[in-house]
Amino acid sequence: MRLPWELLVLQSFMLCLADDYTLHGPIFIQEPSHVMFPLDSEEKKVKLSCEVKGNPKPHIRWKLNGTDVDIGMDFRYSVVEGSLLISNPNKTQDAGTYQCRATNSFGTIVSREAKLQFAYLENFKTRTRSTVSVRQGQGMVLLCGPPAHSGELSYAWIFNEYPSYQDNRCFVSQETGNLYIAKVEKSDVGNYTCVVTNTVTNQKVLGPPTPLILRNDGVMGEYEPKIEVQFPETVPTAKGTTVKLECFALGNPVPTIIWRRADGKPIARKARRHKSNGILEIPNFQQEDAGWYECVAENSRGKNIARGQLTFFAQPNWIQKINDIHVAIEENVFWECKANGRPKPTYRWLKNGEPLLTRDRIHIEQGTLNITIVNLSDAGMYQCVAENKHGVIFSSAELSVIAVGPDFSRTLLKKVTLVKVGGEVVIECKPKASPKPVYTWKKGRDILRENERITISEDGSLRIINVTKSDAGSYTCIATNHFGTASSTGNLVVKDPTRVMVPPSSMDVTVGESIVLPCQDSAGDLMIRNIQLKHAGKYVCMVQTSVDKLSAAADLIVRGPPGPPEAVTIDEITDTTAQLSWRPGPDNHSPITMYVIQARTPFSVGWQAVNTVPELIDGKTFTATVVGLNPWVEYEFRTVAANMIGIGEPSQPSEKRRTEEALPEVTPANVSGGGGSKSELVITWETVPEELQNGRGFGYVVAFRPYGKMIWMLTVLASADASRYVFRNESVHPFSPFEVKVGVFNNKGEGPFSPTTVVYSAEEEPTKAPANIFARSLSATDVEVFWASPMEKNRGRIQGYEVKYWRHDDKEENARKIRTIGNQTSTKITNLKGSALYHLAVKAYNSAGTGPSSATVNVTTRKPPPSQPPGNIIWNSSDSKIILNWDQVKALDNESEVKGYKVLYRWSRQSSTSVIETNKTSVELSLPFDEDYIIEIKPFSDGGDGSSSEQIRIPKISNAYARGAGPSTSNACTLSAISTIMISLTARSSL
């Protein structure tokens, strides 16, 4: 077919631009949506969105009800970045269906349609309504009759100027607005007003009041339910939406409402019931929610049923869209689009926004479009439209028709192609051309003829096999179609083939070793250190050059510990044994020499090796009996294999199986007891662990008898967790010895008893108080308290005494307590406050508790010791002595008077400290020869020891003085109280 040159030049020019600037047709980014505009809105503009991209930038036009919107003729219309703005929208002029059309040099596409509607709500036409007269107990319906409107409405009712409360007796339908009262009561008499609200504009209007009065001809008797509010017989529901079904009945007594599916299936759990079951709401509606639903209204007089069907529908949804196609002129085009929906969508096609029909070269069948022998006039924007009665969707694509002469500018032949002697080479020739060109090749200046070694493929590539040195040279590909001719040249270089001089050899190694696999020379060697099983396999050395590549292979066998055994199975199990079998795992090239079986229970710490028969399992044995198991314990087993190289990984665990039950064998440990309340014998023991109970129904048998008696008393505790038994009887004397033993049992029978032990019954608290309580102060922090044992005989044994003490300013219930043990009749109380009055009382105690309290005595702690440490400490050395002097410490008014001083000293390498007491402010010490002295000084008083000076270090004589100092040597030093020596020498006669 011949084409006008102008069209060909234009198309070629467009293709060039497309390559450089990525030109493309219009694409919708955002399409217009339906708008419900409030008629009384303060906002004076409506915006219908339409966002489009394309290159060149598309031009946007709008249509209203199929007619172009003339922007220039009506100042109220304007297009801003594709969107249509309508100022001062008018219901009469502007309501309707809008569509956006986008056009550039590639073609036109149209958007989905969008409706502009105006929401409003007019006033009720009438101002009064007739009085409604009903009998008490009768059902009633008050009609709302909403006024003219556009947009969704909601309804409510006012009763005597108050909002009407909805319960199981009253119901307001959101479909009709009517008010239903199932059974009228006296309290319902009054005025009723319907309140209608437009949910879009939020405008609210009130209807005229309807008076309700009771008739005086008696009360309405009981009657069966009558369903007045009923959902339609068929309710089409869109996928993913929320559907609400209403149902309400009049009746006396007031009916109950129950919802159910007619097919017997349960209503989806996501469903909700509102307003005393009057509304069934199903959110996110899906195909499985469709079906017949029933509303059952029932009272004591009967029942009534309303039925309706929820049908499922879905707007079209794309399964397969169409994509842009760039096709050479005179070729064929095939497009297919697919959509699902309910009902099944139908399809139509558009080209540049206009309907496309079957004719000549164009064939349309549902979602397929076929164009044969494409020409330039077929280029443009195409749209597949899928629609059903619930919606319409569009898929857009561009058809580009390419018509151009051959062009090598971007696909030049490879400058140099390398090939080895005897090899095969393909030189590609891929110019850009439409339609497909005819190819010829030249070698040098000569036309290349095809033969058994040289062929030219359909795509223009040149193929040469069994290459020889004579094939080297320059090659030119010439491409021709009826729009032109072009050529490109490259060179073929022929080289000798590559050889591997030193190939790798197969090896057999053990896990952990290191190896080197050579290949030609050291530069190609492969080293593997600390080799593992995973490294086994075939290794191929690849040698690649510019003309060819060679490979040399070697097998690497790695010997290691065995792999895990497989399929460990418990074939049979008894109370103490388990018969196991397994399959061997891989031996990893070293024969398996033995197997070890491990077990795990809920009570073990990880996996433990178990005893087996045979005791040693050789590598050719795949079954064994595990012995020494505990009865009635859940076990799982695994097997570990070993060979000469090492121990392998364990198998996967077997199934869990419980051993059979058996008589219990283990008795409770640490059977003891004692204590408790009067007339009680308390027996305790440690429970037998669950893994040693040997079966279900485990419990204890407690046996006891008075010491020296023959007959045992028995009690059974049917609890595995029991660890204590208390025998109560008035005949039990305090602190009487009993022989006690505890046995065990389970469902299989009785087991043994524990060894017999002696347990004493509960003793009685001491009945007498200690006498002759006396307390004296020892210091500011310590007091000592004395008492005598009770004068009269106690009925209860005395184990010791409890001293309670509290400060006068504190409450007795906050008192502190200390206890003595045995016959001790005095104790020291420490860490008290100085100059404080304390109260003390003493009680005797034993395991049953404490006895009566003694009389309370008082004691006052002494004043605190001096808080100031000795100061101005000076030491003097003379001959073999050291003389220490310090200032006298004066106590404050609230402190105890200083009675003397304590000098604490020790050698620097010793931990024991010596103490010298003096009532003077000086002391003599022997001179240290071998070690330094560490000295502290502190005052003492009736209130205790006062604050100590900081440590003083006196250096040994070899450090403090020169060797050989005469006997007349005399030195004096003033010591600052720090750990490092700071010496002020007052006499240096011999230094």
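Residues numbered from 1 in each chain as written. Predicted model: local features only at pLDDT ≥ 70, side-chain atom pairs only at ≥ 80, totals over all residues. Heavy atoms only, no water.

Focus on the sheet that holds strand S33 (residues 346-351)
With respect to topology, five strands assemble into an open sheet ordered S30-S38-S37-S33-S34, the strand pairing being mixed. Only two strands of the sheet have a single neighbouring strand rather than two, namely strand S30 (325-328) and strand S34 (354-356). With strand direction ignored, the average angle separating the axes of adjacent strands in the sheet is 35 degrees. Bridging between S30 and strand S38 (residues 391-402) involves four bridges; their strand directions are parallel. When the sheet's bridge partners are listed, alanine 328 is paired in S38 with isoleucine 402. (Pairing = 2+ DSSP bridges. Helix = DSSP H or I, 4+ residues; strand = E, 2+ residues; numbered from the N terminus. Axes fitted to C-alpha atoms, helices over the stretch in contact; angles between N-to-C directions.)

Some remarks on the side chain of glutamate 763
Among the secondary structure elements, glutamate 763 is positioned in the loop between strand S70 (757-760) and strand S71 (771-777). Its relative accessible area of 3% is what places glutamate 763 among the buried residues. A polar atom in the side chain of glutamate 763 sits 2.4 Å from the side chain of serine 847. Apart from the residues lying within four places of it in its own chain, the contact partners of glutamate 763 are Pro734, Phe735, Arg797, Gln799, Asn846, Ser847 and Ala848. (Buried < 20%, exposed > 50% of the residue type's maximum accessible area, 1.4 Å probe, protein only. Polar contact = N/O pair within 3.5 Å; in protein donor to acceptor, adjacent residues only side chain to side chain. Contact = heavy atoms within 4.5 Å.)

Overview of the UniProt feature "domain: Fibronectin type-III" (unreviewed entry) in the protein chain
In the numbering adopted here, UniProt assigns the feature "domain: Fibronectin type-III" (unreviewed entry) to residues 564-662, 667-764, 769-864 and 865-960. Note that residues 564-662 is 0% helix and 47% strand, and that its end C-alpha atoms are spaced 34 Å apart. Annotated as residues 769-864, this span is 0% helix and 47% strand, and its ends, taken at the C-alpha atoms, are 34 Å apart. (UniProt positions renumbered as here; feature names shortened; annotations may be inferred.)

Side note on the pairing of strand S28 (residues 291-299)
The element S28 is extensively covered by neighbouring structure, given that seven of its nine residues are classed as buried. As defined by bridge partners, strand S25 (residues 256-261) adjoins S28 across six bridges and the pair is classed as antiparallel. Considered in S28, the bridge of arginine 260 is made with glutamate 294. Where S28 lies against strand S29 (residues 302-320), nine bridges are found, and the strand directions are antiparallel. From the neighbouring strand, alanine 297 faces S29, where its bridge partner is asparagine 304. A loop of two residues connects S28 with S29, the two strands running antiparallel in sequence.

A look at the sheet that holds strand S46 (residues 462-464)
Strand order in the open sheet made by the three strands is S41-S46-S45, with antiparallel pairing throughout. Every other strand in the sheet has two partners, leaving strand S41 (425-427) and strand S45 (454-456) as the edge strands with one partner each. Neighbouring strand axes in the sheet, compared pairwise and without regard to direction, differ in orientation by 15 degrees on average. Here S41 runs beside S46; their pairing, made up of three bridges, is antiparallel. Opposite valine 425, over in S46, you have isoleucine 464 as the bridge partner.

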